[in-house]
Amino acid sequence: MKSTYPVLALARTFALGALLTLGLPAQAQTDPLPSWNDGAAKKSIVDFVKDTTTPGSTRFVPPAERIATFDQDGTLWVEHPMYSQVMYILESVPALVKAKPELAKVAQFSTVLEILKGDRAAIAKLTVADLEKLAAATLTGMPVDTFNAGAKKWLAEARDPRWKKPYTELTYLPMQEVLKYLRASSYKTWIVTGGGQDFVRTYAEAVYGIPPEQVIGTAGGTTYGYARDGKPFLTKAPKLLLNDNNAGKPEGIHLMIGRRPVMAVGNSTGDQQMLEYTQAGDGARLSMLVLHDDAKREYAYGPAQGLPDTKVGTFTQALYDEAKKQGWTVISMKNDWKKIFAFE
């Protein structure tokens with residue numbers, strides 16, 4: 001590869017020179033959001049970044065205050081037919097049952113075993129309380145390092161049932177471009193998710209370029225202790241510290257960031273308070289919602305705008321109407337994104 005690099009670099013130089021000589025527009029070379037169709041959504045992002053980073057602009061935001069927050073599931077990557085962390089929880093059950101065979105007779109665990117054997121209808125048997133019990137059993141009671149290693153192993157091996165690709169490859173290319181565009185403009189990008197904070201932190205930097213200290217999620221407690229060799233470690237405890245959904249999102253932002261964001265992006269009712277909190281600040285503000293309306297390339301669900309209803313990533317008509325009322329930008333996957341995934 002090293003021997004071909006100068007040739008490639010020279011070729012790019014000649015190509016750029018030809019464009020300039022012929023007087024052709026260079027927009028394709030400088031477009032920060034090439035996977036976006038031209039339209040109101042793309043324009044709102046480009047205008048916002050330009051206005052908030054140009055000295056002398058009435059909407060200028062000092063670099064220290066350039067905070068942008070993003071929900072994850074359904075905003076940065078696929079959340080249907082089920083949240084990836086829920087799949088991690090379910091697929092962790094067989095190993096747990098193997099270690100504790102008596103759990104096979106417990107309703108929640110036996111139901112999961114049925115689901116993993118192909119009985120998708122059995123999912124309806126699981127209540128929220130069941131999922132909470134399963135989460136406590138599979139996400140707590142072990143050292144933090146052990147959990148992190150297990151999560152990383154699962155993410156490396158698990159495959160989404162539709163695309164047969166790792167979950168980490170199912171990120172939305174247009175949103176990845178927004179993250180990079182913002183960081184190139186001295187913005188700090190934060191993930192603010194209802195998902196488990198520790199789970200998301202295991203891959204956020206590699207997948208999104210967002211370090212673990214810039215991830216706020218639903219967080220559980222930990223217990224400090226010592227191993228037999230005297231080495232200290234933390235054990236994940238079944239204690240909820242922050243439910244980072246709905247009002248928990250602005251609460252978590254205040255707790256972890258200490259500044260009100262100037263930009264926030266979500267996709268469901270669980271993100272409404274984060275967008276409200278962002279929009280309520282002084283000066284330039286940008287609040288956005290991703291609407292999943294492309295059943296062919298991804299999924300279509302709402303029930304806003306007559307789309308199918310869902311319990312995963314619900315985007316109600318009331319939220320859609322509120323977005324229009326407040327001047328929030330609604331991003332249409334179908335109309336605003338040229339490409340959804342990098343592998344297309």
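Values in this document were obtained by computation on a predicted structure and should not be read as measured data.

*Asks:* Got a sec to walk through the packing of aromatic side chains? Specific residues and values, please.
*Replies:* If you walk through the whole model with that rule in mind, you get 16 aromatic pairs. Relative to tyrosine 187, the ring of phenylalanine 48 lies with its centre 6.2 Å away and its plane at 40°, an arrangement referred to as tilted. Of the two residues, phenylalanine 48 is situated in helix H3 (residues 40-53) and tyrosine 187 in the loop between helix H8 (173-184) and strand S2 (188-196); the sequence distance between them amounts to 139 residues. Judged by its relative accessible area of 4%, tyrosine 187 falls in the buried class. Look at phenylalanine 341 and phenylalanine 343: their rings are 5.0 Å apart centre to centre, the planes differ by 5°, and that puts the pair in the stacked class. The structure contains a cluster of three or more aromatic residues connected by ring pairs, namely Trp36, Trp163, Tyr172, Tyr299, Trp337, Phe341 and Phe343. Between the NZ or CZ atom of lysine 236 and the centre of the ring of phenylalanine 147, over which it lies, the distance is 4.6 Å.

*Asks:* Please set out the packing of H3 against H8 residue by residue, giving values where relevant.
*Replies:* As a packed pair, H3 and H8 sit with axes 11 Å apart at the nearest point and diverge in direction by 10°. Taken together, the axes of H3 and H8 are roughly parallel relative to one another. In contact with Ile45, Val46 and Val49 of H3, H8 contributes Val178, Tyr181 and Leu182. Residues of the contact of H3 with H8, tallied by class, amount to six nonpolar, no polar and no charged.

*Asks:* Please provide a residue-by-residue account of the pairing of strand S6 (residues 286-291), values included.
*Replies:* For S6, the buried fraction is high: six of the six residues fall into the buried class. The side-chain alternation of S6 yields two buried faces, one formed by Leu286, Met288 and Val290 and the other by Ser287, Leu289 and Leu291. Note: strand S5 (residues 263-266) against S6, four bridges, orientation parallel. Bridge assignment links glycine 266 to a residue of S6, and that residue is leucine 289. Pairing analysis gives four bridges linking S6 to strand S7 (residues 329-332), with the strands arranged parallel.

*Asks:* Any chance you could break down the layout of surface pockets for me, citing the residues and the numbers?
*Replies:* Roughly 270 Å³ of volume is contained in the second largest pocket. Around the second largest pocket sit Tyr88, Glu91, Ser92, Ala95, Leu96, Ala137, Thr138, Met142, Thr146, Phe147, Gly150 and Trp154, which together line it. Mapped onto the lining of the second largest pocket, the elements with two or more residues apiece are helix H4 (84-99), helix H6 (128-139) and helix H7 (144-157). Its residues assigned to classes, the lining of the second largest pocket shows seven nonpolar, four polar and one charged.

*Asks:* Lay out the sheet that holds S2 with the relevant residues and their values.
*Replies:* Pairing within the open sheet is mixed, and its seven strands lie in the order S4-S3-S2-S1-S5-S6-S7. Each having just a single partner strand, strand S4 (232-242) and S7 make up the two edges of the open sheet. When the angles between neighbouring strand axes are averaged without regard to direction, this sheet yields 30°. Packed on one face of the sheet, H8 meets strand S1 (67-70), S2 and S5 and runs near 165° to S1.

*Asks:* Tell me about the environment of aspartate 229, residues and numbers included.
*Replies:* Of note, aspartate 229 is situated in the loop between strand S3 (215-226) and S4. With 77 residues separating them in the primary sequence, aspartate 229 and lysine 152 have C-alpha atoms 26 Å apart.

Reading guide: rules and limits
- Residue positions are given per chain, counted from 1 along the sequence in the order it is written.
- This being a predicted model, a pLDDT of at least 70 is required before a residue's local features are given, and a value of 80 or more before pairs of side-chain atoms are given or counted; all residues contribute to the totals for chains, interfaces and linings.
- Remark: hydrogens and water are excluded; side-chain values derive from all non-hydrogen atoms of the structure.
- Note on aromatic contacts: the rings of Phe and Tyr and the six-membered ring of Trp form a pair at centre separations within 6.5 Å, being stacked when their planes are under 30 degrees apart, edge-to-face when over 60 apart, and tilted otherwise.
- Helix and strand definitions follow DSSP, with helices as H or I runs of at least four residues and strands as E runs of at least two, each counted in order from the N terminus.
- The rule is simple: take the accessible area with a 1.4 Å probe, protein chains only, and divide by the maximum for that residue type; under 20% is buried, over 50% is exposed, in between is partly exposed.
- Definition used: whenever NZ (Lys) or CZ (Arg) falls within 6 Å of the ring centre and also within 35 degrees of the ring normal, the charge is taken to sit over that ring.
- Axes, fitted as lines to C-alpha atoms, cover a helix only where it is in contact. Angles between the N-to-C directions of the axes lie from 0 to 180 degrees.
- Oblique is the label for every angle not falling under 35 degrees (roughly parallel), over 145 degrees (roughly antiparallel), or within 65 to 115 degrees (roughly perpendicular).
- Whether two residues are in contact is decided by their heavy atoms, any of which lying within 4.5 Å being enough.
- In this classification, Asp, Glu, Lys and Arg are treated as charged, Ala, Val, Leu, Ile, Met, Phe, Trp, Tyr, Cys and Pro as nonpolar, and every other residue, Gly included, as polar.
- Criterion used throughout: strands pair if DSSP finds at least two bridges between them.
- Computed over the protein atoms alone on a 1 Å grid, cavities are sets of points where a 1.4 Å probe fits but cannot get out and pockets are open sets with protein on both sides within 12 Å along at least five of seven lines; a residue lines them when it has an atom within 4 Å of a point.
- Grid points are joined across faces, edges and corners, and a volume is the space filled by probe spheres set on the points.

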